[in-house]
Amino acid sequence: MADKVHPTTKQNATPAAAAAAPPIAKPVPPSTKTHLYNPTPGAYSHRQKHRDFSCRRCFCLTCFWSILLLIAILLLAAIASAAFYVLYQPRRPTFSVTSVKISSFNLTTTPSDDTTHLTTKINLTLSAKNPNNKITFFYDPISITVLSNSVNLSNGSFSNFTSSPDTISVIHTAMALNSQLLDADAVKSLNSDLKRKNGLPMRILMDTTVGVKMEKMKMKKIGIRVKCDGIHGAVPKGKRVIPAVANTSTAKCEVDLRTKILKWTF
């Protein structure tokens, strides 16, 4: 007896149906980088701008108060200087040449070696006046030099002294130069000056330091240089030694302050 074949209700999927089925999605692993959400994206820049503004404001305030303080100090210094000037009316000391006498002036040349030597003796008298009413000057020892153009004629010194207010101090010194060797230029200059009709041109230089006292206040000593020009000297002649008096009618003296900075003196 023949077997009957009964068809099943489940049919195998055809290849076309298998191709049309959607692919199964694979799980994606989480990324290592995480992005945080910032609810206020401009907060940092706002804080930075506020900090910069505060720094600029502090700097401006510092500069303002520094300038204001400097102006106040300068103003107080100007007021103090004006009050000091009105109270004391400080003035520099004045110098004048009283007399210059040349008692010896020998310019000798040695034929053997053709050298020239100068020997001089000069008596010098000057006056130092203190024109202030409330200021006293204290002079250290004074070094004195007499020149004719650039040629040194004599050297000397004067001891320290005190110049009280409204007084005149006399400076008298005997100066000498013993057989000083001169070069050719100095000899030529002296011989030319000795032929002048109005006499040998002379200059006096004095260097010293001066202290200042105003009542109970003392100031640090400062250097001064006194230059006296307009002196015309005459050389003594003859066997009899008679000092020759120089013409000082046109002599004028200037007082310059000498300020020392490090190794330089101005």
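On a predicted model such as this, the values are computed, not experimentally measured, just so you know.

Participant: Lay out the layout of surface pockets with the relevant residues and their values.
Facilitator: What the largest pocket holds in volume is close to 300 Å³. Residue lining of the largest pocket: 16 residues in total, with Arg91, Phe137, Val212, Ile222 and Leu257 positioned closest to the centre. Examining the composition of the lining of the largest pocket, we find that four residues originate from one element, strand 9 (residues 217-233), more than from any other. In the lining of the largest pocket, the residues fall into 13 nonpolar, no polar and three charged.

Participant: How would you explain the packing of aromatic side chains if you had to name every residue and give the values?
Facilitator: This model, assessed by the stated rule, comprises five aromatic pairs. Aromatic pair Phe64 and Trp65: ring centres 5.4 Å apart, planes at 70°, arrangement edge-to-face. Ring plane angle 85° and centroid distance 6.2 Å describe the contact between Phe95 and Tyr139, whose orientation is recorded as edge-to-face. Of this pair, Phe95 sits in strand 1 (residues 94-110) while Tyr139 sits in strand 3 (residues 135-139), and the two are 44 residues apart along the sequence. Like Tyr139, Phe95 is buried. By way of ring pairs, the aromatic residues Phe95, Phe137, Tyr139, Phe158 and Phe161 are connected into one cluster.

Participant: Go over the state of the cysteines with me, naming the residues and quoting the values.
Facilitator: For the coordinates displayed, the defined rule picks out one disulfide. Covalent S-S linkage joins Cys228 and Cys253, the inter-sulfur distance amounting to 2.0 Å. Its torsion about the S-S bond being 110°, the disulfide of Cys228 and Cys253 is classed as right-handed. Of this pair, Cys228 sits in strand 9 while Cys253 sits in strand 11 (residues 252-258), and the two are 25 residues apart along the sequence.

Participant: A description of the pattern of salt bridges should follow, citing residues and the corresponding values.
Facilitator: The final tally for this structure, using the stated rule, is five salt bridges. Across the pair Asp229 and Arg203 runs a salt bridge, and its minimum N-O distance is 2.6 Å. Placement of the pair is Asp229 in strand 9 and Arg203 in strand 8 (residues 200-214), with a sequence separation of 26 residues. According to the relative accessible area criterion, Asp229 is partly exposed, its value standing at 29%.

Participant: Can you break down the pairing of strand 9 residue by residue, with the values?
Facilitator: Alignment of strand 8 against strand 9, held across 13 bridges, turns out to be antiparallel. From the neighbouring strand, Thr209 faces strand 9, where its bridge partner is Gly223. Hairpin connection between strand 8 and strand 9: a loop of two residues separates the two successive antiparallel strands, and Glu215 in this loop has a positive phi of roughly 55°. As judged from the seven bridges shared by strand 9 and strand 11, these two strands associate in the antiparallel manner. Along strand 11, the bridge assignment pairs Ile224 with Leu257.

Participant: Tell me about unusual backbone geometry, residues and numbers included.
Facilitator: Note: most peptide bonds trans; most residues except glycine with negative phi. Phi at Asn149 is positive, roughly 60°, even though this residue is not glycine. Relative to the assigned elements, Asn149 resides in the loop between strand 4 (142-148) and strand 5 (151-158). Even without a glycine there, the phi angle at Ser179 is positive, about 50°. For Ser179, a relative accessible area of 38% corresponds to the partly exposed category.

Participant: Residue-level account of the environment of Thr209, with values.
Facilitator: Here Thr209 is to be found in strand 8. The exposure class assigned to Thr209 is partly exposed, which follows from its relative accessible area of 30%. In this structure, the C-alpha to C-alpha distance between Thr209 and Leu257, residues 48 residues apart in sequence, is 9.4 Å. Of note is the side chain of Thr209, whose polar atom sits 2.4 Å from the side chain of Asp140.

Parameters at a glance
Residues numbered from 1 in each chain as written. Predicted model: local features only at pLDDT ≥ 70, side-chain atom pairs only at ≥ 80, totals over all residues. Heavy atoms only, no water. 1 Å grid on protein atoms, 1.4 Å probe; cavity = no way out; pocket = protein on both sides within 12 Å on 5 of 7 lines; lining within 4 Å. Points joined across faces, edges and corners; volume = space filled by probe spheres on them. Helix = DSSP H or I, 4+ residues; strand = E, 2+ residues; numbered from the N terminus. Nonpolar A, V, L, I, M, F, W, Y, C, P; charged D, E, K, R; others polar. Phe/Tyr/Trp six-rings, centres within 6.5 Å; stacked < 30°, edge-to-face > 60°. Buried < 20%, exposed > 50% of the residue type's maximum accessible area, 1.4 Å probe, protein only. Disulfide = S-S within 2.5 Å. Salt bridge = Lys/Arg side-chain N within 4 Å of Asp/Glu carboxyl O. Pairing = 2+ DSSP bridges. Polar contact = N/O pair within 3.5 Å; in protein donor to acceptor, adjacent residues only side chain to side chain.

Geometric descriptors of this kind do not, in isolation, establish any biological role.
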